[in-house]
Amino acid sequence: MCGIIGYVGKESAAPILLEGLRKLEYRGYDSSGIAVMNGSNTIHTRKKKGRLQNLRDLVGENPPEGECGISHTRWATHGEPTDENAHPHLDQSGKLAIVHNGVIENYQPLRKALEAEGHVFHSQTDSEVLAHLVGKKYEASAESDATPQMRLVAAVRDALKLISGTYGIVTMHADIPGFLVGARLGSPLVVGLGKGENFLASDVSAIVSHTSDAIYLSDRDLVYMTDSDFKIEHVEGGSVEFEVSRVDFTPEQAEKGEYPHYMLKEIFEQPTTIANVFRGRLSDDEASAKLGGLNLTPQELRDVDRIVLVGCGTASHAAMAGEYIIEHLSRIPTEVEIASEFRYRNLPMDKNTLIFVISQSGETIDTLAAMREGQRKGHRVLSIVNSVGSTIARESDGGSYLYSGPEIGVAATKSFTSQVMMMSLLGLLLGRMRNLSMREGQRMLAEIRDLPAKVEMILQQTEKIRAIALKYIDAQGMLFLGRQFNFPTAMEGALKMKEISYIFASGHASAELKHGVIALITEDLPSVFIIPKDSVYDKNVSSLEEVKARKGPVIAITTEGNTDMEDIANDVIYIPEVDECLSPILSVIPLQLLSYHFAVARECDVDKPRNLAKSVTVE
Ligand code: M6R
């Protein structure tokens, strides 16, 4: 939610900031702005409602001059998307600019108090309050012996003491050329270390074309920097430890290349990203998986008697698939908790309960809070995360990275299959320590190794799937139905469809149809059945027939060779044969392609759907 980037160096700041915002636009895209400082003690600000292109058009041929600046792309929390509410915000003097990602919960009383002192506000945002507070504290120290730089640092510290909420901020003052101050609590902020230039950004994708050396700040870290130096301290004062990391992807990986959309690129990356999950993690000798990052001894793994999987959105659907897979392979009772529920519900758990938090970004606020809640209660919380160096990855007690590369399309695709793949490895590992035979383990290894080629075969059907999507282009809703391992897939298919095409879609366990959902069936409501030739196939067919009997059109996703479906369903998409517990990894691919082609045909912005942002860092 919201992307920020700050630059201090020797180059013209505006083009660097605009390019950085392009990389961060997936974090929020309802308005954007830049502020650039030049040597004449002036800050020039440009802000515009709407997509980043509007800001680019405004800046046009006449960008503000200067080698130090800050910028922001917004996902509105307080105040509508307007030019005035766009960041950066200025203080009362107009000499201090700030960009903020997060929520200031007590902004109303603070604003009232400042207004009573004569401060004039120009927006409805919570963030403008912070600009005024920092500016006021800075002015108040005018008589101090401290340097202007250290006065600004102290002003930021003092202002942050007054607010409750979350923040990732970067600020600068017109009187202090070439100097930035940043801080974080609950919203990510990364320091990029260049040669003769330094950066602050919400994530590394904004800076990777300039530098691969990054410092992921922790909560309550404060940083101040010039083009040649930086210092990181506690917001409350005192030194902190930090580590310089190498960014694990190239600038090209964060571009969409030959693809029209990031979402399509990421769907097509799945043969590789699935292989990235299991590469180096399969043991033929033990017919098992190796997940070293879990930081658990074999005995500790054997002692696990319950697993709780926690995530949001697509990650929670992957967790649902994981629940079925882990129980099937290891017989360990497993359950799924949506992170926002888990953090407040006080789930009873004993000492042998293992918690996994699952998150692509590693920054989702509810998942992060759920992890901290689990840890507060003395549990070991492990993570399954894609973004290397993210907050969840750093704060968890161990875990495994997905290594899928940056996922930029707002609709999660490759992260789902990678997460399900990872939980399959976990199920295999835990299963082989319990009742799963060597022979079964070996069979699973072969099945896993075959997955990338099978995904490739499904991807080759993209044109066929596009034709099916076009056939239903006027549908105002869609049902997604599946059973057992593919009930979560149905949930995920529905989420993909509704978030990028804006039609109503819902996912259900097929047998639930007759408990109410069937009332919706008409000849205008297509149903997508995920119906591979598995142990519940016949039951699934009965549900499908019930829909057909009521004239509901059916798109069936079934196993190659199952020609029966040609006679019953209106449209059939085939997936290769696979062990049923791994089938969600294949069956979700046609659903991703179906929703993609459907949304493109309806001229929706699939990479930046309305009202959404990639990483949900506010509650
Ligand atoms: O980064 P995370 O995996 O924690 O994100 C969780 C959800 O916000 C995310 O999956 C969201 O539901 C996607 N837009 C779904 O496509």
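Residues numbered from 1 in each chain as written. Predicted model: local features only at pLDDT ≥ 70, side-chain atom pairs only at ≥ 80, totals over all residues. Heavy atoms only, no water.

Draft legend 1. Spotlight on the overall build of the chain. Of the regular secondary structure elements, the chain holds 19 helices and 26 strands. In summary, the chain has a C-alpha radius of gyration of 26 Å against a globular reference of 25 Å for 619 residues, a match within 12%. Dimensions of the chain, computed from the C-alpha atoms along their principal axes, are close to 85 × 55 × 40 Å. Relative to its 619 residues, the chain shows a buried fraction of 62%. For the chain, the share of sequence-separated contacts (at least 6 apart) that also reach a separation of at least 24 residues comes to 71%. Seen as two clouds, the 63 positive and the 84 negative side-chain charges of the chain have centres 2 Å apart. (Helix = DSSP H or I, 4+ residues; strand = E, 2+ residues; numbered from the N terminus. Rg over C-alpha atoms; globule rule 2.2 N^0.38 Å. Buried < 20%, exposed > 50% of the residue type's maximum accessible area, 1.4 Å probe, protein only. Contact = heavy atoms within 4.5 Å. Lys, Arg positive; Asp, Glu negative; His and termini not counted. Charge placed at Lys NZ, Arg CZ, Asp CG, Glu CD.)

Draft legend 2. Looking closely at the pattern of salt bridges. Under the counting rule described, the total for this entry stands at 38 salt bridges. Of the charged contacts in the structure, one is a salt bridge between Asp219 and Arg184, with a shortest N-O distance of 2.7 Å. Within this pair, whereas Asp219 is found in the loop between strand 11 (213–216) and strand 12 (221–225), its partner Arg184 is found in strand 8 (residues 180–185), the two being separated by 35 residues in sequence. Comparing Asp219 with Arg184, the two get one shared label, buried. A salt bridge links Arg443 to Glu440, with the shortest nitrogen-to-oxygen separation between them at 3.1 Å. A residue pair is termed a helical-turn pair when its members lie 3 or 4 positions apart in one helix, as Arg443 and Glu440 do in helix 14 (residues 438–459) at three residues. For Glu440, a relative accessible area of 30% corresponds to the partly exposed category. Overlapping salt bridges, with partners in common, bring together Glu19, Arg22, Lys23, Arg56 and Glu255 in one network. (Salt bridge = Lys/Arg side-chain N within 4 Å of Asp/Glu carboxyl O.)

Draft legend 3. Expanded view of the sheet that holds strand 25 (residues 554–559). One open sheet accounts for five strands, arranged 23-22-24-25-26; its pairing is parallel. Two strands in the sheet have a free side with no partner beyond their single neighbour: strand 23 (504–509) and strand 26 (571–575). Adjacent strand axes in the sheet meet at a mean angle of 15° when their direction is disregarded. In the packing of helix 15 (residues 462–471) onto the sheet, the strands contacted are strand 25 and strand 26, and the crossing angle to strand 26 comes to about 150°. Along the sheet, helix 16 (residues 487–501) contacts strand 22 (477–482), strand 23 and strand 24 (527–530); its crossing angle with strand 23, the most-contacted strand, is approximately 175°. (Pairing = 2+ DSSP bridges. Axes fitted to C-alpha atoms, helices over the stretch in contact; angles between N-to-C directions.)

Draft legend 4. A look at the sheet that holds strand 6 (residues 96–101). Taken in spatial order, the six strands of this open sheet run 5-6-7-8-12-13, and their pairing is antiparallel. Edge positions in the sheet fall to strand 5 (89–90) and strand 13 (230–234), since each has one partner strand and no second. One ladder, built from five bridges, connects strand 8 with strand 12; its direction is antiparallel. Across the sheet, Ala183 pairs through a bridge with Leu222, a residue of strand 12. Of the strands in this sheet, strand 5, strand 6 and strand 7 (167–173) touch helix 4 (residues 127–140), which is tilted by about 140° from strand 6. Helix 5 (residues 148–162) rests against strand 6, strand 7, strand 8, strand 12 and strand 13 of the sheet, and its axis sits at about 145° to strand 7.

Draft legend 5. Quick peek at the site of the ligand. The local shell around the ligand holds 15 residues, among which Ser359, Gln360, Ser361, Thr364 and Glu499 are the closest. Contact between the ligand and Thr314: an oxygen atom at 3.1 Å from a main-chain N or O atom of the residue. Between an oxygen atom of the ligand and a side-chain N or O atom of Lys496, the distance comes to 3.0 Å. In the complex, 91% of the free accessible area of the ligand, which totals 410 Å², lies under the protein chains. (Near = heavy atom within 4 Å. Polar contact = N/O pair within 3.5 Å; in protein donor to acceptor, adjacent residues only side chain to side chain. Areas by Shrake-Rupley, 256 points an atom, 1.4 Å probe, with all protein chains shown as cover.)

Draft legend 6. Spotlight on unusual backbone geometry. Look at the link from His87 to Pro88: it is a cis peptide, with omega at 0°. Not every positive phi belongs to a glycine, and Tyr403 is a case in point at roughly 55°. Positionally, Tyr403 belongs in the loop between strand 21 (399–401) and helix 13 (414–432). Taking the relative accessible area as the measure of exposure, Tyr403 reaches 41% and is therefore partly exposed.

Draft legend 7. Representation of the pairing of strand 7 in the model. Most of strand 7 is tucked away, with seven of its seven residues classed as buried. The alternating pattern of strand 7 places Tyr167, Ile169, Thr171 and His173 and Gly168, Val170 and Met172 on opposite faces, both of which are buried. Sheet topology places strand 6 next to strand 7; six bridges connect them, and they run antiparallel. Across the sheet, residue Ala97 finds its bridge partner in strand 7, namely Met172.

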